[in-house]
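Secondary and tertiary structure notes
Each chain, letter by letter, is given below.
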Amino acid sequence: MKILAIDASTIAASAAIMDEDKLHGEIFTDYKLKHSEKLLVMVDSLLKNLRMDIGEIDAFAVCNGPGSFTGLRIALATAKGFAIAQKKPIVTVSTLDCLAHSVYCYDQFICPILDAQRHQVYSALYKREKENLIKILEEGAYDIDAWAQELKKTAGSSKILFLGDATLRYFEHFSQALPEEARLAMASIRMPRACYAASIALEKIKTGEVQDAFTAMPNYIRLPQAEENIKTKD
Amino acid sequence: MKPVRILGIETSCDETSVAIVENGRKILSEKISSQIEIHKKYGGVVPEIASRNHLHLLPFVTQAVLEDKKMSMDDIDAVAVTYGPGLVGALLVGLSYAKALAYAANKPLIGVHHIKGHIAANYLRFAELKPPFLSLVVSGGHTSILFVKEYCDIVALGKTIDDAAGEAYDKVARTLGYAYPGGPMIDKYAREGKKNAIDFPRIMLSEASLDFSFSGLKSAVLNYINSMKMKNEEICPSDVSASFQEALIDVLCAKVDLAAQKTGQKTIALSGGVASNSRLRERMAEMAQKKGYTLYIPEARYCTDNAAMIAAHAYYEYLEGNCSDIYLNAVASLPL
């Protein structure tokens, strides 16, 4: 089962091809690039490097957020275009799951944080139990002060490993609020990587958590601003 | 010769549209999913909401268009997509989707300028229309006079330096309390009003200029409404509509006439949302008859945004071998 996974949830973008046996290849860039211009170029270059045709891909995996609304749409629209042309399924993977999944053989807490602007992060809290990644606190958009409090309450004396694009802006904040607990993940896994999305997708396919071009959608978490404004008025 | 079938995709504003067009002229299948109802309660198009809906709708609209003719991507020769100008978030959805679709179906990709698409809407309805001709594209986002020398050689002779005509319509309509979209409402109420009730300015800029300016007219109408309110005098919305509309159309007609004289072109093709306005059609037809111009205006559904027009223009780019590469990006203010 060959999976082509793509991610454009943050300023970084990546594409990876993987099956049950191995990671065939991955392209990752963390550069202020235009995802709409480059994501397909990355996929094309990956396929060419592997002497593969897109027809050999059995399913398309895509990080569906939370993250940059525009980035998520570019990735989802790309996956949908592939899926329609190739008549293949899509597997959506939470960007937070994708980040947490990169941490292995670590028995403390894992906390991916993505910049949600407005003094907030998109986040969730995870822990590995044996091989399984368990979600301890649910995904949401959290005020960074309130989230630090919540983490402190939950973590007890355990360490919390932070990763995600918001570590750049907010790791200082969390390490001040949680001086004993907060740890920063190494740079190579700090941003979402498509290979981990592919790896999660392979698991999801086994349990039948598969979608298609019609049903796969971003998990924005937030409503559009205009809709929120109307709700507040009511 | 085997017919060329192009699948067009348009998501530059609030219409999600996909169409299959044969040889740039014949619509085999098309769907336009309008989001007007969704945006109505906000009084205008909300870009984020439009983008979310495009992403949801595109696969459904594509499948419906293909199934309608029992076709698959194998029957398609190229994929065309609007890459600007327009709302950047909305454009990006259609562009990313079209790029991936073309790539995975192994078909050429053709990026199409939205205004060139509007011009090509006329090819779908009028088989005899061929360049050279003059084109007025007038909508909520654009007001341009273009000289179509050849299918792919199009020169802008003039364009708005501030508001588009349709934008002025929408703002006046909103001030008059008409529901979104306001243009058709003004068209409707203007029929009951007096065209010369209020003397609004006809802004021509310099005598020889083919550019437009509608912000002055818009402000004059808004000032009139405000000053009447201040004086506690009642305004007659249909008179305001008729007088505003006549002033705006006077300018459009005068500039098209001037362009015809300057270029010596006698064939004129209109398109864009405002080209469905009944008074504009009437006035252009009168002018054409008086001056001996041949006038083309497609019916309303081809005036507004649609993917068939994108596929129609793309055919001529295809014939010239003008295909886009996989670096194609959306450009909100794409020059002609």
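Residues numbered from 1 in each chain as written. Chains lettered and ligands numbered in written order. Predicted model: local features only at pLDDT ≥ 70, side-chain atom pairs only at ≥ 80, totals over all residues.

What follows is about the overall build of chain A. Helix and strand content of chain A: 7 helices and 10 strands. Expressed along its principal axes, the backbone C-alpha trace of chain A runs to roughly 50 × 45 × 35 Å. The buried share of chain A, reckoned over its 234 residues, is 50%. Across chain A, the fraction of contacts at a sequence separation of at least 24, relative to all contacts at a separation of at least 6, is 68%. (Helix = DSSP H or I, 4+ residues; strand = E, 2+ residues; numbered from the N terminus. Buried ≥ 20, exposed ≤ 12 C-beta atoms within 10 Å, placed from the backbone. Contact = placed C-beta atoms within 7 Å.)

All right, on to the interface of chain A and chain B then. Contacts between the two partners involve 27 residues from chain A and, on the opposite side, 30 residues from chain B. Mapped by element, the contributors of at least two residues to the side of chain A that touches chain B are α1 (35–49), α2 (69–86) and α7 (225–233) of chain A. Each residue belonging to the side of chain A that touches chain B can be placed in one class, and the counts come to 15 nonpolar, 6 polar and 6 charged. (Nonpolar A, V, L, I, M, F, W, Y, C, P; charged D, E, K, R; others polar.)

Residues and elements named next belong to chain A. The domain architecture assigned to chain A consists of domain 1 (3–95 + 192–228) and domain 2 (103–184). The distance between the C-alpha centroids of domain 1 and domain 2 comes to 24 Å. Taken together, the contacts link 8 residues of domain 1 with 6 residues of domain 2. Within the side of domain 1 that touches domain 2, the residues separate by chemical class into 3 nonpolar, 4 polar and 1 charged. (Domains from an automatic or database assignment.)

What follows concerns the sheet that holds strand β7 (residues 143–150) of chain B. All names here are of chain B. Read from one edge to the other, the open sheet built from 5 strands follows the order β8-β7-β6-β9-β10, with strand pairing classed as mixed. The two strands at the open ends of the sheet, each matched to only one other strand, are β8 (153–159) and β10 (294–296). If you compare each strand with its neighbour and ignore which way they point, the axes differ by 25 degrees on average. Relative to β8, β7 runs antiparallel, the two being bridged by 6 bridges. Pairing of Phe147 across the sheet is with Val155, part of β8. This element, helix α4 (residues 114–125), spans β6 (133–138), β7, β8, β9 (267–271) and β10 of the sheet and lies at about 115 degrees to β9. (Pairing = 2+ DSSP bridges. Axes fitted to C-alpha atoms, helices over the stretch in contact; angles between N-to-C directions.)

This part is about the nonpolar core. Core analysis: the largest hydrophobic core is formed by 188 residues, its most contacted members being Ala5, Ile6, Ala61, Val62 and Ala197 of chain A together with Ala80 and Ala311 of chain B. The element best represented in this core is helix α3 (residues 88–105) of chain B, accounting for 13 residues. (Core = buried A, V, L, I, M, F, W, Y, C linked by C-beta atoms within 7 Å.)

In a regular helix each residue adds 1.5 Å, so 22 residues correspond to 32 Å; helix α2 (residues 47–68) of chain B covers 30 Å between its end C-alpha atoms and thus fits that length. At Leu57 of chain B, α2 of chain B shows its largest bend, some 40 degrees, and a proline, Pro59 of chain B, comes one to four positions later. (Expected span 1.5 Å × (residues − 1). Bend = angle between axes of the 7 residues up to and from the residue.)

Here we take up the environment of Asp257 of chain B. Residues and elements named next belong to chain B. With respect to the element layout, Asp257 can be found in helix α8 (residues 237–263). Spatially, the C-alpha atom of Asp257 lies 9.5 Å from that of Met284, the residues being 27 residues apart in sequence. Setting aside residues no more than four positions away along its own chain, Asp257 makes contact with Met287 and Lys291.

By the criterion of burial, strand β5 (residues 109–113) of chain B is predominantly enclosed, with 5 of the 5 residues buried. Here β5 of chain B shows a buried face lined by Leu109, Gly111 and His113 of chain B and a second buried face lined by Ile110 and Val112 of chain B.

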